[in-house]
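# Close look at the chain arrangement
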Amino acid sequence: MLELAGIIILGILAQWVAWKFKIPAILPLILIGLFVGPIAATYITEDGSKWIEPIWNGEKGLFPGDYLYNFVSLAISIILFEGGLTLKRDEIKNVGPVITKLITLGAAITFFGAGIVAHKIFNLSWELSFLFSGLIIVTGPTVITPILRNIPLKKDISTVLKWEGILIDPIGALVAVLVFEFITVGGESGFTKTAFIEFGKILLFGTTFGFTFAHALAYVINKKMIPHYLLNVASLSTVLLVFVESELFAHESGLLAVVVMGMVLGNGKLKNIKELLYFKESLSVLLISILFILLAANMNIEELMLLYSWKTLALFAIVVFVIRPLAVFASTINSKLKFNEKIFISWVGPRGIVAAGIASLFGSKLLKQGVEGAEYITPLVFMIVLGTVLLNATTARFFARIVGVFLKKSNGILIVGASNPARLIASYLRDKGKRIVIIDSNKHFIEQALQDNLEALNVNIYDDELTDNIELNDVGYLIALTANDTVNKQALENFSEVFGEHGSFKIASSTEIKEATVEEKLHFFTPKDDYINLSEAYRENPVIHQVKIKDEKQYKEVLNLLYQEEKSIPLFIEKGSGLYLITEYERDKLPKKELIISYLGKKIV
């Protein structure tokens, strides 16, 4: 009981440490597992026992016999199902040729390149070498996001890295599963006719069960045949049912079945897909926390010592510094990416949770089957995972500066609220060459914003998903323009530190306009107008006008007219190439001549 509780406590603590220090969770999880497992057994305990013993050794241990592998299999199935849910067909089509090539051509180069290198350096069989290479294809958003979250990059770079990680996760897992099946069904006789038949059965039953149960579950959910409070747990039980049933019909087809099931549901018309994703994400966090402490603790010092060789360093160096850049540069031929941007994408390729989890599962199964060289699979993949995560977590920001992709100033603007006046202001700023991202929890408003060719996200400000979006790393201004002052205040409180590096502003409430001090007004979007005035000005005349200002006298006259006219709202000041809010311009005490004032509503001059 103490060991089980300890794993959960240590796992969640590791997740918190990862969040606090903005590092991938897999790093502290594996390090904790190694410490309470092989390190404790070798250097700390007197009797050579581990503090956490995953497999029952006759005296202590959490799982007797094959039960650890059964638990790992079920946990991996749930994690891969969630990965399948995130794989959208439209996203593959729309994210661009670079990402499409990375997850196809780039993955193929990594697969064959790393397989050949592993075979030549470690003398592994071709089957095991390609199993290793299949496992390290994947990067993964759970490791890339924490690394890039605080590096201001162009959206194109962040998009490539983010979507490569999301899309290649289930693809890489699928490749690894298929290679593993080829090894296991071949047995000692190699790739015989029987092996191909068994392999075909795996493909047939895996895809059939996944496809069929996905449509059945979607039908049941959409017809509201399951009460809402049972929705998530019923979906979970269905995933486990698919995995087990598929395994019964064709051994080792379960992982393929759940990936297919997730992909079909993610691309279908499931009404509760977002809620299902939230639940599976929370469950995956818990399972990952338990899983990787168990897997790392289950390793022995003898397995770790297999890595104590120049061969390990050579394999790591070739995979990271030769094969990864080769895959990236081959995938970005004739793209709009610059040379330094390709170099940075080549540098950032941390392997993630799927690679480590499946490696442990497959490595253990092959060891039990007595496959020669199988003892290398788990430690080699763990080495690639830990090595790439450590390398990228410690050097990505510095390397971004060296190659010149680090943005010196984040000029993007995040607008909270997608109402009519907010969309007009966003369109005006976009036409001025600014990157504008507009968010709202109202789906109708977001649809209208998208129709206006604005970059818009359907997001609730009380969720954390926005701060995980590394594509917003070039956002440095925050403007809250909703009709709800509580929402506006919450937006500034939640996101000012992340997206308001150069300024956070909100539309004032009528009470604040009456009671606020001059200092407080500096954080207002306009100094004398609330949302009602903004909406009225838009309703009367939904146009943004401009006035050229020659000197300070004219500046004061125009602003006084705008402040007196309720149906004209002063917005921005353009000075040279700079674009400022009026409150921002006043605060910085910039010159009051040779500029342009823009305002919304009734034309005054």
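These lines cover the structure that appears in this document, whether it is placed above or below. These numbers come from a predicted model, not from an experiment.

### Details of the layout of surface pockets
Empty space within the second largest pocket amounts to approximately 360 Å³. For the second largest pocket, the lining is made up of 14 residues, of which Asn 70, Ser 73, Glu 247, His 251 and Lys 365 are closest to its centre. Elements with a contribution of two residues or more to the lining of the second largest pocket: α3 (67-85), α10 (231-249) and α16 (353-368). Within the lining of the second largest pocket, the residues separate by chemical class into five nonpolar, four polar and five charged.

### Details of the environment of Ala 41
Among the structural elements, Ala 41 can be located in helix α2 (residues 26-44). Here Ala 41 falls in the buried class, since its relative accessible area comes to 15%. Spatially, the C-alpha atom of Ala 41 lies 37 Å from that of Arg 397, the residues being 356 residues apart in sequence.

### So, the packing of α3 against α10
Running from amino to carboxyl end, α3 crosses α10 at an angle of 115°, the nearest separation of the two axes being 10 Å. When the axes of α3 and α10 are compared, the crossing they make is right-handed. Side by side, α3 and α10 meet where Ser 73, Leu 74, Ser 77, Ile 78 and Phe 81 of the first sit next to Leu 236, Val 239, Leu 240 and Phe 243 of the second. Per-class residue counts for the contact of α3 with α10 are seven nonpolar, two polar and no charged.

### So, the pattern of salt bridges
In total, this model carries 16 salt bridges according to the counting rule given. Across the salt bridge formed by Arg 324 and Glu 164, the nearest N and O atoms sit 2.7 Å from each other. Placement of Arg 324 in helix α14 (residues 310-331) and of Glu 164 in helix α8 (residues 155-186) is noted, with a sequence separation of 160 residues between them. Owing to a relative accessible area of 2%, Glu 164 belongs among the buried residues under this scheme. The partner of Lys 506 in a salt bridge is Asp 485, and the shortest N-O contact between them spans 2.8 Å. Taken as a pair, Lys 506 in strand β5 (residues 503-506) and Asp 485 in helix α20 (residues 485-499) lie far apart in primary sequence, 21 residues in all. In this structure Lys 506 comes out as buried when scored by relative accessible area, which is 6%.

### Digging into empty space enclosed by the protein
Under the defined criterion, the tally for this structure stands at three cavities of 30 Å³ or more. Here the largest cavity is characterised by a volume of approximately 80 Å³. Taken together, Leu 102, Gly 106, Ala 107, Thr 110, Ile 137, Thr 139, Glu 164, Ile 168, Arg 324, Ala 327 and Arg 351 make up the full set of residues lining the largest cavity. With four residues, the single largest contributor to the lining of the largest cavity is helix α5 (residues 97-122). Residue composition of the lining of the largest cavity, grouped by class: five nonpolar, three polar and three charged.

What counts, and where the lines are drawn
Every chain is numbered on its own, with residues counted from 1 as its sequence reads. Residues qualify for local features only when their pLDDT is at least 70, as the model is predicted, and side-chain atom pairs are given and counted only at 80 or more; totals for whole chains, interfaces and linings, by contrast, use all residues. With hydrogens and water set aside, each side-chain value is computed from the structure's full complement of heavy atoms. A 1.4 Å probe that fits into a set of points on a 1 Å grid over the protein atoms alone but cannot get out defines a cavity; an open set with protein on both sides within 12 Å along at least five of seven lines defines a pocket, and lining residues are those with an atom within 4 Å of a point. Grid points are joined across faces, edges and corners, and a volume is the space filled by probe spheres set on the points. Counting from the N terminus, the helices are the DSSP runs of H or I reaching at least four residues and the strands are the DSSP runs of E reaching at least two. Gly falls in the polar group here, along with every residue not listed as nonpolar (Ala, Val, Leu, Ile, Met, Phe, Trp, Tyr, Cys, Pro) or charged (Asp, Glu, Lys, Arg). When accessible area is computed with a 1.4 Å probe and restricted to protein chains, residues below 20% of their type maximum are described as buried, those above 50% as exposed, and intermediate ones as partly exposed. Interaxial angles span 0 to 180 degrees and are taken between N-to-C directions of axes, which are lines fitted to C-alpha atoms, for helices over the stretch in contact. Each crossing is labelled by how the near helix is turned from the far one, with a counterclockwise turn of less than a right angle marking it left-handed and a clockwise turn marking it right-handed. Note on contacts: a residue pair qualifies if any of its non-hydrogen atoms lie within 4.5 Å across the two residues. The salt bridge criterion pairs a side-chain nitrogen of Lys or Arg with a carboxyl oxygen of Asp or Glu, the two atoms within 4 Å.

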